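Secondary and tertiary structure notes
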Amino acid sequence: MPTDYAMLSTYPPTQCGLATFSAALLAHLPEPGDNIGVIRVLDGPPAENPPLVVHDLMNASAASAAAAVEVINGFDVAIVQHEYGIYGGRDGAGLIPLLDALTVPSVVVLHTILADPTAHQRMVLNEIIAATDLVVTMTRTGRSRVLDMYGASPAKVSVVPHGAAGTLAARSSSRRRPGGPRVLTWGLLGPGKGIEHAIEAVALLREDGLRVDYTIAGQTHPRVQAASGESYRASLQALARSRGVDDTVRFDDRYLPVSALVDLVGTADIVLLPYDSVEQVTSGVLIEAVTAAKPVISTRFPHAVELLSGGAGLLVERKDPVGIAAALRSALTEPGLHERMSRRAAAIAPRLLWPAVAARYRELASALIRTPAGATL
């Protein structure tokens, strides 16, 4: 039976991870006969109206929220993307009355599950969990946090991994260019990404006689840009100059189209994720790197520990340039290690691709639609 899906989220042309995730999921979610409608979350007037957008939820507008509820209730099921700072109100509390007003089943996908929330953040997420029919986390770590810290019923929380397009895997290659081994970090730039520790690691390797070409690709996060401009990028560039590696550390400040990202990932030997955060229970960049069969070196944020412990990468401590340098040296010089990590990444990639992920969302939505109100799955 055809299904009508409503998606509540930021959405392209907004440039953020949530918007990218939503667009990718919707590209694979519908089967023949299904209908899709996007209720797009915005802070200001839209610059354009892309296909699939059926309503704009303007934060701080009660009338817009009421209209969004009416629109969503015309569908069979709602899939709601949650991130702190996306919805209006303190800690995104504006989402709560909207969920309470829905008469159709809802699935809330949690992109951030704080290990040490404030009292208000805990209250907001508790109420969101209570107001929805099903919660999705993208890792087992995330599910454990929801159960242990927020008291959700195990039957209410499902794990569905973050998806990957597979485009990078299909078109990446081992093309070599002049210079040293190529290390890549990509994604929206901002404090907390730990790039300064990676630059220090590159400098340590240089002092030890190993030249590494390191590319940091991606524009500054729009919210960081609005608050502090390019100050973080400028500080990183200054650090590279002061450490004498500005000739091998390259910044690409574009929001990369797929074609450019394919080329960049294809020529990388290692993907490096030096993130400072211990809160990151999911990472789209990590998923894309693994499905491209690229060995990953990452700090021990929860998603990386879960995905890489089987051999697809190496884990290092946060804010540890010496540890990052040691891991890079091992991956680039230890006989057979790079190839073993690549093979392990390729082995786990199929279950992370968007078609498999979207199929799981279809199963969950179908079960919700079939389940009488008030019952549990």
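Residues numbered from 1 in each chain as written. Predicted model: local features only at pLDDT ≥ 70, side-chain atom pairs only at ≥ 80, totals over all residues. Heavy atoms only, no water.

What follows is about the overall build of the chain. From N to C terminus, the chain includes 15 helices and 13 strands. Taking 21 Å as the expected radius of gyration for a compact globule of 377 residues, we find that the chain reaches 21 Å, a close match to that expectation. Summarising its shape, the C-alpha atoms of the chain cover approximately 65 × 40 × 40 Å along the three principal directions. Taking all 377 residues of the chain together, 53% fall into the buried category. Across the chain, the fraction of contacts at a sequence separation of at least 24, relative to all contacts at a separation of at least 6, is 72%. With an accessible surface of roughly 15500 Å², the chain has 54% of that area assigned to carbon and sulfur atoms. (Helix = DSSP H or I, 4+ residues; strand = E, 2+ residues; numbered from the N terminus. Rg over C-alpha atoms; globule rule 2.2 N^0.38 Å. Buried < 20%, exposed > 50% of the residue type's maximum accessible area, 1.4 Å probe, protein only. Contact = heavy atoms within 4.5 Å. Areas by Shrake-Rupley, 256 points an atom, 1.4 Å probe, with all protein chains shown as cover.)

Turning next to the sheet that holds strand 11 (residues 270-273). Taken together, six strands build an open sheet; the order of strands is 10-9-8-11-12-13 and the sheet is parallel. In the strand order of this sheet, the two ends are held by strand 10 (249-252) and strand 13 (313-316), each with one partner. Here the average twist between neighbouring strands, direction ignored, is 20°. Two strands pair when backbone bridges link them, and strand 9 (residues 213-217) and strand 10 are joined in this way by four bridges, in the parallel orientation. Looking at strand 10, one finds that Tyr214 is bridged to Val249. Where helix 7 (residues 195-207) meets the sheet, its contacts fall on strand 8 (182-186), strand 9, strand 10 and strand 11, and the angle it forms with strand 9 comes to roughly 165°. (Pairing = 2+ DSSP bridges. Axes fitted to C-alpha atoms, helices over the stretch in contact; angles between N-to-C directions.)

Turning to helix 2 (residues 62-72), a few remarks are in order. Listed in full, the buried residues belonging to helix 2 are Ser64, Ala68, Val69 and Ile72. In an axial view of helix 2, the angular spread of the buried residues amounts to 140°, which keeps them on one side of the axis. What points out from helix 2, more than 90 degrees from its buried face, is the exposed set Ala62, Ala63, Ala66 and Glu70. Buried residues along helix 2 sit in contact with strand 1 (4-9), strand 2 (35-42), strand 3 (53-58), strand 4 (77-82) and helix 3 (95-101). (Arc of directions from axis to C-beta.)

Let us look at the pattern of salt bridges. One pass over the structure, following the stated rule, counts 14 salt bridges. Here Asp252 ties to Arg254 by a salt bridge, and the two come within 2.6 Å at their closest N and O atoms. Residue classification places Asp252 among the buried positions, given a relative accessible area of 7%. By relative accessible area, Arg254 is classed as partly exposed at 42%. Here the salt bridges do not stand alone but share partners, grouping Glu200, Glu207 and Arg243 into one network. (Salt bridge = Lys/Arg side-chain N within 4 Å of Asp/Glu carboxyl O.)

Contact pair helix 7 / helix 9 (residues 231-242): the axes reach a minimum separation of 10 Å and the direction vectors enclose 15°. Here helix 7 is positioned roughly parallel relative to helix 9, judged by the angle of their axes. Crossing geometry of helix 7 relative to helix 9 is assigned as right-handed. Contact with helix 7, carried on its side by Ile195, Glu196, Ile199 and Glu200, involves Tyr232, Leu236, Leu239 and Ala240 of helix 9 and no other residues of that element. Among the residues making up the contact of helix 7 with helix 9, the classes are represented as six nonpolar, no polar and two charged. (Parallel < 35°, antiparallel > 145°, perpendicular 65-115°, else oblique. Left-handed = near helix turned anticlockwise from the far one by under 90°. Nonpolar A, V, L, I, M, F, W, Y, C, P; charged D, E, K, R; others polar.)

When the pLDDT values of the chain are averaged, the result is 91; 95% of them are 70 or greater. Note on residues 170-175: pLDDT is under 50 here. Beyond four places in sequence and across chains, it has eleven contacts. (pLDDT = per-residue confidence, 0-100.)

Now for the sheet that holds strand 1. The strand order across the open sheet built from seven strands is 3-2-1-4-5-6-7, with neighbouring strands paired in parallel fashion. Of all strands in the sheet, those with a lone pairing partner are strand 3 and strand 7 (157-159), marking the two edges. Ignoring strand direction, the axes of neighbouring strands in this sheet form an average angle of 20°. The pairing of strand 6 (residues 134-137) with strand 7 spans three bridges and is classified as parallel. By the bridge assignment for strand 7, Val135 is matched with Val157. Lying on the sheet, helix 2 is in contact with strand 1, strand 2, strand 3 and strand 4; it crosses strand 3 at an angle near 150°. Seen against the sheet, helix 4 (residues 119-131) touches strand 4, strand 5 (106-110) and strand 6 and runs at an angle of roughly 145° to strand 5.

So, about helix 7. The end-to-end C-alpha distance of helix 7 is 19 Å, a good match for the 18 Å that 13 residues give at a rise of 1.5 Å each. When we look at burial in helix 7, the residues that qualify are Ile195, His197, Ala198, Ile199, Ala201, Val202, Ala203 and Leu205. In the core, the buried residues of helix 7 are packed alongside strand 8, strand 9, helix 9, strand 10, strand 11 and helix 13 (321-333). Two residues or fewer past helix 7, Gly209 is found with a positive phi of approximately 95°. (Expected span 1.5 Å × (residues − 1).)

We now examine the packing of aromatic side chains. Taken as a whole and assessed by the stated rule, the structure comprises two aromatic pairs. The interplanar angle of 70° and the centroid separation of 5.2 Å between the aromatic rings of Phe21 and Trp354 together place this pair among those described as edge-to-face. Pair noted here: Phe21 is in helix 1 (residues 17-28) and Trp354 is in helix 15 (residues 354-370), with a separation of 333 residues, a long-range link. Classification of Trp354 by relative accessible area gives buried; the value is 3%. Above the ring of Tyr150, the side-chain terminus of Arg122 is found at 5.7 Å from the ring centroid. (Phe/Tyr/Trp six-rings, centres within 6.5 Å; stacked < 30°, edge-to-face > 60°. Lys NZ or Arg CZ within 6 Å of the ring centre and 35° of its normal.)

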